[in-house]
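So you can see what is in the structure, the chains are spelled out below.
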Amino acid sequence: YILRCQIISRIGHLVSYLPGDILLARQYFNAKGIYHECFLYPSNLYKHTELQKKITTDIGILVGNSATPSNNHLDIFRKLLIHKAKDINIYCPLSYGKSEYGKYIEAEGKIYFGNKFHALLDFMPLKNYLELLSNIDIAIFAHDRQQAMGNIISLLGLGKTIFLRKNTTSWEFLHNLGFFIKTFEEFDLKKITQEEVSHNIMKAKSVFSEEVLSTQLNNLFDK
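Just so it is clear, the model here is predicted, and its values are computed rather than measured.

J.: I'm lost on unusual backbone geometry in this one. Help?
T.: Glycine aside, the phi torsion of most residues is negative, and most peptide linkages are trans. The phi torsion at Asn30 lies on the positive side, around 60°, for a residue other than glycine. Relative to the helices and strands, Asn30 resides in the loop between helix H2 (19-29) and strand S2 (34-37). The class for Asn30 is partly exposed, based on a relative accessible area of 42%. Its identity is not glycine, yet Asn72 carries a phi of approximately 50°, on the positive side. Relative to the helices and strands, Asn72 resides in the loop between strand S3 (59-63) and helix H3 (73-80). On the accessibility criterion, Asn72 (17% relative accessible area) is buried.

Right, here's the structure in full:
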């Protein structure tokens, strides 16, 4: 921690697109650098995906984004357990992170939900992953910090219902931008309205665009 403070306090420029992360860097590491807003890389951009008409009536639920403990998978499982008898299918990406933890979560998911739990253990092409996300109805991220923003932005662009912890910089950032985001603390199985879906898609398309990223990068490297 002392070493981090010594180094981070001397960094002249801080690049992020979440103002809350910059505030935390200033608070905990005495960061003094100039803040530059930038989405950083294309995985954080809106991606147009043609939605296939869903042929099943089940509720598709995405849990977390990786095989790392910071996903707090078991917290999510406990929230979902009261809905176990409903027509749900749970998809849990575990293809990267800590393999042993991933195996543990896979086993726990099967114990909690049986054949309604689907562990995603293998990497898949981006096109296939976006097709999977297009069939998700609800995505739950119980991280205690900013994480999984690439997934979250893709899901917003697809009009999906997203639950985040309210005390995270990611929830604060998206809420302040005007997105309709639900809180993990008040989890239910209700989706956002069609009006809210349309609003989120249009906002994601305009805010997280390639043109905006290009402008940000030009401003960043011209300084």
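J.: Mind showing me how you'd approach a nonpolar patch on the surface here?
T.: A contiguous nonpolar patch, built from Tyr1, Ile2, Leu24 and Tyr28 and spanning about 470 Å² of accessible area, is present on the exposed surface. Note that Ile2 resides in helix H1 (residues 2-8). Look at Ile2 and you get exposed, because its relative accessible area is 63%.

J.: Explanation requested: empty space enclosed by the protein in the structure shown.
T.: Empty space among the atoms can be located by rolling a probe the size of a water molecule over them. Tallied over the full model, the rule gives one cavity of 30 Å³ or more. Computed from the structure, the largest cavity encloses a volume of approximately 40 Å³. Among the residues forming the lining of the largest cavity, the class breakdown is two nonpolar, four polar and two charged.

J.: Just checking my understanding: could you explain the packing of aromatic side chains for this structure?
T.: Centre distance and the angle of the planes are the two values used to describe a pair of aromatic rings. A full pass over the atoms with the stated rule returns 13 aromatic pairs. Between Phe39 and Phe208 the ring centres are 5.1 Å apart and the planes differ by 50°, which places this aromatic pair in the tilted class. Within this pair, whereas Phe39 is found in the loop between S2 and S3, its partner Phe208 is found in the loop between helix H8 (194-207) and helix H9 (210-222), the two being separated by 169 residues in sequence. We classify Phe39 as buried; its relative accessible area is 2%. Each residue in the set Tyr17, Phe39, Phe173, Phe179 and Phe208 is aromatic and connected to the rest through ring pairs, giving one cluster. Against the face of Phe184 rests Lys79, its NZ or CZ located 5.1 Å from the ring centre.

J.: Could you clarify how one ought to interpret the sheet that holds S3 in this entry?
T.: Hydrogen bonding along the main chain pairs the strands of a sheet, whether they run parallel or antiparallel. Pairing within the open sheet is parallel, and its six strands lie in the order S5-S4-S3-S6-S7-S8. Each edge of the open sheet carries a strand with a single partner, namely strand S5 (117-120) and strand S8 (182-183). As defined by bridge partners, S3 adjoins strand S4 (residues 88-93) across four bridges and the pair is classed as parallel. Looking at S4, one finds that Gly60 is bridged to Asn89. Along the sheet, H3 contacts S3, S4, S5 and strand S6 (138-141); its crossing angle with S3, the most-contacted strand, is approximately 155°.

J.: What's the story with the nonpolar core in this structure? I'm lost.
T.: The nonpolar side chains of a soluble globular protein tend to be buried, and buried together. Phe141, Ile152, Ile162, Leu174 and Phe208 are the most contacted members of the largest nonpolar core, which has 33 residues in total. Of all the elements in the fold, those that place two or more residues in this core are helix H5 (126-134), S6, helix H6 (149-157), strand S7 (161-164), helix H7 (169-177) and H8. Non-local contacts of Ile162, meaning those with residues more than four positions away in its chain, are made with Ala139, Phe141, Ile152, Leu155, Leu156, Ile181 and Lys182. Phe77, Tyr112, Phe163 and Phe187 belong to the second largest nonpolar core, which has 22 residues in total.

J.: Can you walk me through the environment of Leu3 in this structure?
T.: Inspection of the secondary structure assignment puts Leu3 in helix H1. Taking the C-alpha atoms as reference, Leu3 lies 9.6 Å from Phe29; in sequence the two are 26 residues apart.

Reading guide: rules and limits
Residues numbered from 1 in each chain as written. Predicted model: local features only at pLDDT ≥ 70, side-chain atom pairs only at ≥ 80, totals over all residues. Heavy atoms only, no water. Helix = DSSP H or I, 4+ residues; strand = E, 2+ residues; numbered from the N terminus. Buried < 20%, exposed > 50% of the residue type's maximum accessible area, 1.4 Å probe, protein only. Patch = residues over 30% accessible without salt bridge, like charges linked within 9 Å, V, L, I, M, F, W, Y side chains within 5 Å. Areas by Shrake-Rupley, 256 points an atom, 1.4 Å probe, with all protein chains shown as cover. Salt bridge = Lys/Arg side-chain N within 4 Å of Asp/Glu carboxyl O. 1 Å grid on protein atoms, 1.4 Å probe; cavity = no way out; pocket = protein on both sides within 12 Å on 5 of 7 lines; lining within 4 Å. Points joined across faces, edges and corners; volume = space filled by probe spheres on them. Nonpolar A, V, L, I, M, F, W, Y, C, P; charged D, E, K, R; others polar. Phe/Tyr/Trp six-rings, centres within 6.5 Å; stacked < 30°, edge-to-face > 60°. Lys NZ or Arg CZ within 6 Å of the ring centre and 35° of its normal. Pairing = 2+ DSSP bridges. Contact = heavy atoms within 4.5 Å. Axes fitted to C-alpha atoms, helices over the stretch in contact; angles between N-to-C directions. Core = buried A, V, L, I, M, F, W, Y, C linked by side-chain atoms within 4.5 Å.

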